[in-house]
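# Remarks on the overall topology
Listed below, chain by chain, are the residues.
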Amino acid sequence: MKKLLSITLAAVMALSMAACGGSSGSGSSEADTSEDASAEETAAIDGTASVFYYTYSDTYISSVRTALDAAFDAAGISYQDYDSNASQTTQTEQVTTAIAQGTSVLVVNLVDSGSDDAAQNIIDLASAQDIPVIFFNRSVSEEVVTSYDGSSVFVGTDYELAGHMQGQLIGEYLVENYDIADLNGDGAISYVMFKGQEGNAEAIARTQYGVEDANAVLTEAGYPELSFYDASNSNQYLVDQGGLWSSAAANDYMQTILSQYSEANGNMVELVIANNDEMAIGAITALQNAGYNLEDGSGTVIPVFGVDATDAAKAAIQAGTMIGTIKQDADGMAEAIAVISENYMTGADTFADIDEANLVGTWRVNIPYGTYTGEE
């Protein structure tokens, strides 16, 4: 019955494959079909891993993709990458196509992480064909993951910790540099928070703890809490309406802010907190266009903090245009995904060769964070 369903689905979905935005093989480009063929021939492990990225345009996700392709190549695992282009509908269609084509394991960077519905739907599709599922990076609840007992896991981070670490980093920096950061000398630090995606668990935690923990460090040192730059904004954050955590969204926001808030008016934003490095870089670009955070070291630097430790953020920190970021280990995440994929495909224990210190029960692997300020 399962074989019949697979054949039927394959016939129905064949025409949609061209729209799936996938790339396959051993580190090959989307158009490199000869590489794809040779990868199939030389694969050391039977089967194919299908990997669904919420969008290729996310810089951090792109780094995970590069690392995961390399890890699959090293393990001799054939794989097919899909760009869901920030559409849950597209991703679900891609999953259906991969199942119809007989994939061995689904590796899913969920688009819609604001509810359990999308994740549960993928679990239901996969479990009907006895195909294991590895969710990664974008949070999925324990209830959903464990509903497919023994055949689904989540690989991610203790996302609340990123907010705590960022808040600690910000607070310590401001205590050491308060007089410099307080541009208008009013005794308080005015800040802007770029949240990212509304409803995303990681964004919610980073928004909360990045500020709360910074305030805890400040008040303990005898300084007032941070002050959101726009008193009329009850949320006390700005969100990427496109849900992409993009540099463009932060750049647009920052340009608008700088047209109203300035040193001349005595209300300049004195701190930028971004929930990922792309938004931090977008804010820095706008600041540089206004004469701040210049790479030559001249002029005023508005402290900017992010999360991910992307190459662009590291370069900005080295150049002195950004203060710090929280490292989200793309290589470590990719390696864990590749190991678990191989375990599923070969019938080994799910968590064989996974560091036990990173395990949470029998359903989750947390990749540790680190602080990056240009000193490694």
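## Section: empty space enclosed by the protein
Using a probe with the size of a water molecule, rolled over the atoms, empty space left in the structure can be pinpointed. Considering all chains together, one arrives at one cavity of 30 Å³ or more under this definition. Within this model, the largest cavity holds a volume of roughly 150 Å³. Taken together, 13 residues line the largest cavity, and the ones lying closest to its centre are Asp58, Asn137, Arg206, Trp245 and Gln328. Looking at the lining of the largest cavity, the elements that each hand over two or more residues are α3 (59-75) and α9 (201-220). Taken together, the residues of the lining of the largest cavity sort by class into four nonpolar, four polar and five charged.

## A word on the packing of helix α10 (residues 247-260) against helix α11 (residues 277-289)
Think of two packed helices as two axes; the pair is described by the angle between the axes and how far apart they sit. Put simply, α10 and α11 touch, their axes get as near as 7 Å, and they point 35 degrees apart. Like other packed secondary-structure pairs, α10 and α11 cross with a definite hand, here right-handed. Two secondary-structure elements touch here, α10 through Ser247, Ala250, Asn251, Met254, Gln255 and Leu258 and α11 through Glu278, Met279, Gly282, Ala283, Thr285, Ala286 and Leu287. Of the residues belonging to the contact of α10 with α11, the class tally is seven nonpolar, five polar and one charged.

## Some points on the layout of surface pockets
Roughly 260 Å³ of volume is contained in the largest pocket. Residues belonging to the lining of the largest pocket are distributed by class as follows: four nonpolar, five polar and six charged.

## Digging into helix α4 (residues 88-100)
Every α-helix winds through 3.6 residues per turn, so residues three or four apart in the chain are directed the same way. When the terminal C-alpha atoms of α4 are compared, their 18 Å separation across 13 residues agrees well with the 18 Å that a helix rising 1.5 Å per residue should span. Of all 13 residues that make up α4, ten are buried, and the element is covered over most of its length. All of the buried residues along α4 are Gln88, Gln91, Thr92, Gln94, Val95, Thr96, Thr97, Ala98, Ile99 and Ala100. Of the residues one or two after α4, Gly102 is the one with positive phi, at around 85 degrees.

The rules we used
Residues numbered from 1 in each chain as written. Predicted model: local features only at pLDDT ≥ 70, side-chain atom pairs only at ≥ 80, totals over all residues. Heavy atoms only, no water. 1 Å grid on protein atoms, 1.4 Å probe; cavity = no way out; pocket = protein on both sides within 12 Å on 5 of 7 lines; lining within 4 Å. Points joined across faces, edges and corners; volume = space filled by probe spheres on them. Helix = DSSP H or I, 4+ residues; strand = E, 2+ residues; numbered from the N terminus. Nonpolar A, V, L, I, M, F, W, Y, C, P; charged D, E, K, R; others polar. Axes fitted to C-alpha atoms, helices over the stretch in contact; angles between N-to-C directions. Left-handed = near helix turned anticlockwise from the far one by under 90°. Contact = heavy atoms within 4.5 Å. Expected span 1.5 Å × (residues − 1). Buried < 20%, exposed > 50% of the residue type's maximum accessible area, 1.4 Å probe, protein only.

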